[in-house]
Amino acid sequence: MANKKDNYPSLKTPGVYPNATDKQLGLNNDDLEQFSLGNWNSLYRGNKLLLSGDLLEKVKDTVGIKVKVRTSPPKNGSRIAVWRYRRNLEAGSQQNRIILAQGPIWEHLSDKEDVGSTNNSDINGAKLSRFLRTKDVYHKFYRNVGDANLDDYEDFKEIVFQPPDFLDSTNKGGLRTDRVMTFDNGHGFILEREGEDDEISLVLDSTNRGKLENHHVFEREITEEEKDRWGDGASDRGKDSQFTHELIAYVDFDIQAFTIDDETLDDYKNTTWDFLTPTSENMQKIKYRVDGWDQNDDKHGLGNGIANTFFTLDENENKDVNAYLDRYPKESADAITLRGLEYRILRGPDGGRTAHPFVAKNPNWGSKPEGRNFFQDEPYNGGYGYYHSESDFGANIGAVDWNPGYNVDIKSGEDFWPQTLKFLHGSTIRMGNYDLLSQMPGYYSEPVRDELQSIGRNDAVEKWQEHFDFIGYPNFKLEIAIENPSYVESLSTFNTPLNFAVNIKDSITEKELLYYDSENQIESYNNTSYPLLVNLNLELFDYENFDNNKEDYNENEILAAIAGGEDAAINYLNNVIGIPTYASEPDKCYYKYHVIQWGDEKQLLTNEQIENSYFFSFYDTEGYPTIDDFYYRKYQQSQLVEAKSIDDISNHSYNTPGIKTIKIIVYRYTPNTAFILQTYLVTKNIVVNDGVLKSQDFAIFGASDFTLLPVTDNQAIIGGFDEDSDYNNSIEKIVKDDQFLKEDYLDRISSKDYIDKFNDKILGENPGQLNLGNTRLFKKPRDIYSFIGGNKLEWINQGSGSLPINSLATDIFIDDTDCIVDLNVANSNYSVLENKSGIAKGILVGDYKVNQSEGTSVIKEGSMKTAVLDKVKDRQAF
């Protein structure tokens, strides 16, 4: 159990202390930051919201703004690119080689077509081919496609599919998710746009790239019914019926921001602008814009010059449309469709280009198939068949024919698709509705945004634009949006520090490392004496039962949010991550720590040095740290590699006693560890006790150069200490001033121990001048007659008696196993007196001064005044 002390170790620095007495905690000292045994925050910073680990580096290394990507669900109006070609039908080694090709033809899917023969409604069979092409695309991408049940093409006026189940219970519809890109798997990058007219560039990751290459371009065989309908045209245009196959590339793709919160995303999904798609509310009335029409095809009587007209479907038309569109996927703000795949990246086989789907596989002819280019060579003069025009109206779509020897075939998917898909900016931002009636005259001439505004559907536009803002539209510029100082200042973590409880105990007995009394608390004192292995961990103070739980984060979402512009990032931080909540509720955060100093290193760091180090220096600079900042990189490496959860144990071995000042870096994260809210420097003081040793003991193992007199326990003192001696006076002054350094811990406790012993009269009193000869100590009692020897009764009765020549009282020592100390001052080695019986030593001491100035260690001042030894035996006392 720990306690917070607001005034300790100083008025400005509240600390957290173990539950113990003031004496045990060292709170009876003058310098509490040096000697009190608690922990406190020496530094903390919360003025920057930092990405943890290597996330910032990943942001910088990202090729663009990361987005979710999916294949737009193929439906009426979806865009495709088509190449028509003829495979060699003649048997032999060159069979099946492509010998004639034309394209690309930019088309749309259409699952409801008027293919009747009246009013010339299917000129050259284009509508039937569009319908069957749509059917083939649906079968390619959906699992549950119905059929048009076409038995007699000639008698059909209109053909309509039974719809695939676009919207089943999985919300993925009947889409073959192994073939189509989905928002659940893979991603892409939107590259930065330099100017307003630049395309929108999309780069796919490997997962989506694989699906694009393997499934989004495929071959379809043209049916005999289609060939019969295609017109032959004039002889100089070629016959469309010569084509045997089509290559279809599906080119509509949706993107979605990673960082939209669930509530907003649901709002986007429920906001649609499919007013052209019949629903229960608008089934009977369809609004569309027309800039031109064919009077012969004006079955609804629109009349000349009518730009906006409502009309009502007749009963059969209503039935046909309703049967198909009940479950039709709606355009909504939850996805942004990239439209208008830039035509230059999918070229036709004309001119000297190679950016088309065909390649020569005969190495002798080179990889570029060369044939008659219909743009240049007579008699075709550009185009082929239906897609040839000699006037400004219509299209001249390039075509070539090749010698079968080139062995021309279709490129693989990887070669077919460019690495970067580019979409026309204008086509994308128009939000064109391709769900229904997209083939009507003039449909594409005006932005659908105008249509929405004209019927009061601005909410759809606003939400669509808001979604686009999540990915940094219009420039898609990669920025680190968490640099906003005002946002960080609004968080409670900006200037509100926390308190921690640092737990450090003996690893065996789990004793707190406190100042224990070496006499009254001998067991605790010895258990916390060196050598000592300690365990350390941290707790969050003031929050009982706190669990330091960590959550996972979606790296793609984080990177996309940080790079998506300030508004999108702050929305994500507030509504998805919940930064303000975690900033104000510490017990919901996650914490790690790193011990950077255990206190027994040769060179100890000051708080100022740590503040100027990589742990804190970039906090005090303007702006967000760059990825190339050395200090920031070291900081990120430290918290990523070296830091551990605060409830994990760190241990350390101490081989020296004393006050140890431990320095700990603590990181406060959001629960998912993606963001660092605060960084702390926590200081913790402990004491490693000295067991049975004090500073005096370290100088007497074979030496005599001590600073403090070697006065320890269990000593026999011959003579005593003078109250007015230089030594006593100087020790009293040093203890009173209490200017000891932490590394002079042993001097401190030794000098205080001397004062206690002196005041308790256990060091003896000075007898004045003393003539000392042999000194012997026995482990059993001896009386005077044991030393005199001779006849004890004679001495008692007569007061005198004979004295043996060799006795305990003479200078010739008679061995006695009970004698454990035998000192003779005449046998001295400097100040050390040799013990002739046992292992103990005798130390000859005298009076001297000790001194200590502020900021320095205790030193001996002057020479010791020791007694003069007279080695003439006749002059010595016995």
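Let me begin by describing the structure that accompanies this report.

What counts, and at which threshold
- Residues numbered from 1 in each chain as written.
- Predicted model: local features only at pLDDT ≥ 70, side-chain atom pairs only at ≥ 80, totals over all residues.
- Heavy atoms only, no water.
- Helix = DSSP H or I, 4+ residues; strand = E, 2+ residues; numbered from the N terminus.
- Contact = heavy atoms within 4.5 Å.
- Areas by Shrake-Rupley, 256 points an atom, 1.4 Å probe, with all protein chains shown as cover.
- Buried < 20%, exposed > 50% of the residue type's maximum accessible area, 1.4 Å probe, protein only.
- Core = buried A, V, L, I, M, F, W, Y, C linked by side-chain atoms within 4.5 Å.
- Polar contact = N/O pair within 3.5 Å; in protein donor to acceptor, adjacent residues only side chain to side chain.
- Pairing = 2+ DSSP bridges.
- Axes fitted to C-alpha atoms, helices over the stretch in contact; angles between N-to-C directions.
- Arc of directions from axis to C-beta.
- Salt bridge = Lys/Arg side-chain N within 4 Å of Asp/Glu carboxyl O.
- Expected span 1.5 Å × (residues − 1).
- Patch = residues over 30% accessible without salt bridge, like charges linked within 9 Å, V, L, I, M, F, W, Y side chains within 5 Å.
- Lys, Arg positive; Asp, Glu negative; His and termini not counted.
- Charge placed at Lys NZ, Arg CZ, Asp CG, Glu CD.
- Phe/Tyr/Trp six-rings, centres within 6.5 Å; stacked < 30°, edge-to-face > 60°.

1. Remarks on the overall build of the chain
Secondary structure summary: the chain contains 23 helices and 35 strands in total. Nonlocal contacts in the chain, meaning residues at least 24 apart in sequence, comprise 73% of its contacts between residues at least 6 apart. Accessible surface, the chain: about 42600 Å² in total, of which carbon and sulfur atoms supply 44%.

2. Thoughts on the environment of Trp 83
Assignment of secondary structure puts Trp 83 in strand E6 (residues 79-87). Residue Trp 83 is classed as buried on the basis of its relative accessible area, which comes to 0%.

3. Examining the nonpolar core
Residues Leu 536, Ile 664 and Phe 675 are the most contacted members of the largest nonpolar core, which totals 64 residues. Per-element accounting of this core gives the leading share, 8 residues, to strand E29 (residues 675-688). Ignoring any residue separated from it by four or fewer positions in sequence, one finds Leu 536 in contact with Val 502, Asn 503, Ile 504, Tyr 593, Val 595, Trp 598, Asp 648, Ile 649, Ser 650, Ile 662 and Ile 664. The next biggest cluster of nonpolar side chains, apart from the first, holds 46 residues, and it includes Ile 190, Leu 202, Ile 336 and Phe 423.

4. Here's the deal with the side chain of Ser 52
Tracing the backbone through its elements, the reader meets Ser 52 in the loop between strand E4 (50-51) and helix H3 (55-61). In terms of polar contacts, Ser 52 uses its side chain to reach the backbone carbonyl oxygen of Thr 673, at 2.4 Å. Contacts of Ser 52, omitting those with residues within four sequence positions, involve Gln 636, Gln 639, Tyr 669, Thr 673, Ala 674, Phe 675 and Ile 676.

5. Concerning the sheet that holds strand E24 (residues 532-540)
Spatially, the 3 strands line up as an open sheet ordered E23-E24-E27, and their pairing is antiparallel. The open sheet terminates on both sides in strands that have one partner only, identified here as strand E23 (500-506) and strand E27 (650-654). With direction set aside, neighbouring strand axes in the sheet form an average angle of 25°. Here 7 bridges tie E23 to E24, and the two strands are oriented antiparallel to one another. Counterpart to Asp 506 in the pairing with E24 is Val 534.

6. Some details on helix H7 (residues 262-269)
For the α-helix, the turn length of 3.6 residues means that residues three or four positions removed from each other point alike. Looking only at H7, the buried set comprises Thr 264, Leu 265 and Tyr 268. What you see down the axis of H7 is that its buried residues fit within an arc of 100°, all on one side. Relative to its buried face, H7 has exposed residues pointing more than 90 degrees away, namely Asp 262 and Glu 263.

7. Comments concerning the pattern of salt bridges
All told, the structure shown has 20 salt bridges when counted by the stated rule. Put simply, Glu 107 and Arg 130 hold a salt bridge, and the shortest N to O gap is 3.2 Å. Remark: Arg 130 occurs in helix H4 (residues 126-141) and Glu 107 occurs in strand E7 (residues 98-108); sequence separation between them is 23 residues. Its relative accessible area of 9% is what places Glu 107 among the buried residues. Residue class for Arg 130 comes out buried when judged on its relative accessible area of 12%. Arg 220 is paired through a salt bridge with Glu 246; the nearest N and O atoms lie 3.1 Å apart. Of the two residues, Arg 220 is situated in strand E12 (residues 217-221) and Glu 246 in strand E13 (residues 245-250); the sequence distance between them amounts to 26 residues.

8. Section: helix H20 (residues 726-737)
Taking 1.5 Å of rise per residue, the 12 residues of H20 would be expected to cover 16 Å, and the 17 Å separating its terminal C-alpha atoms lies within 8% of that figure. Every buried residue of H20 is listed here: Tyr 727, Asn 728, Ser 730, Ile 731, Ile 734 and Val 735.

9. Some points on a negative patch on the surface
A cluster of acidic residues, Asp 722, Glu 723, Asp 724, Glu 732 and Glu 765, forms a negative patch at the surface. Assessed through its relative accessible area of 59%, Glu 765 is described here as exposed.

10. Some details on the packing of aromatic side chains
Remark: the centre distance and the inter-plane angle together describe each pair of aromatic rings, the angle taken between the planes. With the rule as written, the count across this model stands at 36 aromatic pairs. Ring plane angle 50° and centroid distance 5.8 Å describe the contact between Phe 468 and Phe 476, whose orientation is recorded as tilted. Comparing Phe 468 with Phe 476, the two get one shared label, buried. Ring centres of Phe 630 and Tyr 631 lie 6.0 Å apart, and the angle between their planes is 50°; on these two criteria the pair is classed as tilted. An aromatic cluster of at least three residues, connected via ring pairs, comprises Tyr 590, Phe 616, Phe 618, Tyr 619, Tyr 632, Tyr 635, Tyr 667 and Tyr 669.

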